[in-house]
Amino acid sequence: MDVLSDKEQERFLVLESCHSTWFFDPVEQKFCRLMKDSKSVATEWLHYDKLVVHEDSDAFVVFLDASGTKLLRSWRHTDHCEQCGGNATAEISLEDLRKVMQL
Ligand SMILES: [Zn+2]
């Protein structure tokens, strides 16, 4: 992220989900998402009340207001991602493609 200075990178909490990168600013309680499929597309900074990252799973929940009625739920993207299949699916499909090409 060369749009952010080192100081800003230290300040932000960054979470990767399958389709976007989430930037949380705990000081000003705001966050934005950078879409992975189009690197220049980012959402506006939105206010959030609190962020809950589940330690025993890949899930995290963003509460948008103090009453907890508005929330966003997502999952951290991991190496062996259960949500999108991660790299394993990509490698298998590439091998499958090679097999098809050889026939
Ligand atoms: Zn994923």
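Residues numbered from 1 in each chain as written. Predicted model: local features only at pLDDT ≥ 70, side-chain atom pairs only at ≥ 80, totals over all residues.

Enquirer: Tell me about the pairing of strand β5 (residues 50-53), and please be specific about residues and values.
Expert: Pairing of β5 with strand β6 (residues 59-63) involves four bridges; the strand directions are antiparallel. Looking across to β6, one finds that K50 is bridged to F63. Where β5 folds back onto β6 in an antiparallel hairpin, the turn is made up of five residues. (Pairing = 2+ DSSP bridges. Helix = DSSP H or I, 4+ residues; strand = E, 2+ residues; numbered from the N terminus.)

Enquirer: How would you explain the sheet that holds β5 if you had to name every residue and give the values?
Expert: Paired through backbone hydrogen bonds, the strands of a sheet run either parallel or antiparallel to each other. Spatially, the three strands line up as an open sheet ordered β5-β6-β7, and their pairing is antiparallel. Edge strands, defined here as strands with exactly one partner in the open sheet, are β5 and β7 (71-75). Shown here is a sheet whose adjacent strand axes are inclined to one another by a mean of 15°, direction ignored. (Axes fitted to C-alpha atoms, helices over the stretch in contact; angles between N-to-C directions.)

Enquirer: Which residues make up the sheet that holds strand β4 (residues 46-47), and what are the values?
Expert: Taken together, four strands build an open sheet; the order of strands is β1-β2-β3-β4 and the sheet is antiparallel. Of all the strands in the sheet, the pair left with one neighbour each is β1 (13-16) and β4. Where strand β2 (residues 20-25) lies against strand β3 (residues 30-35), six bridges are found, and the strand directions are antiparallel. Pairing of S20 across the sheet is with M35, part of β3.

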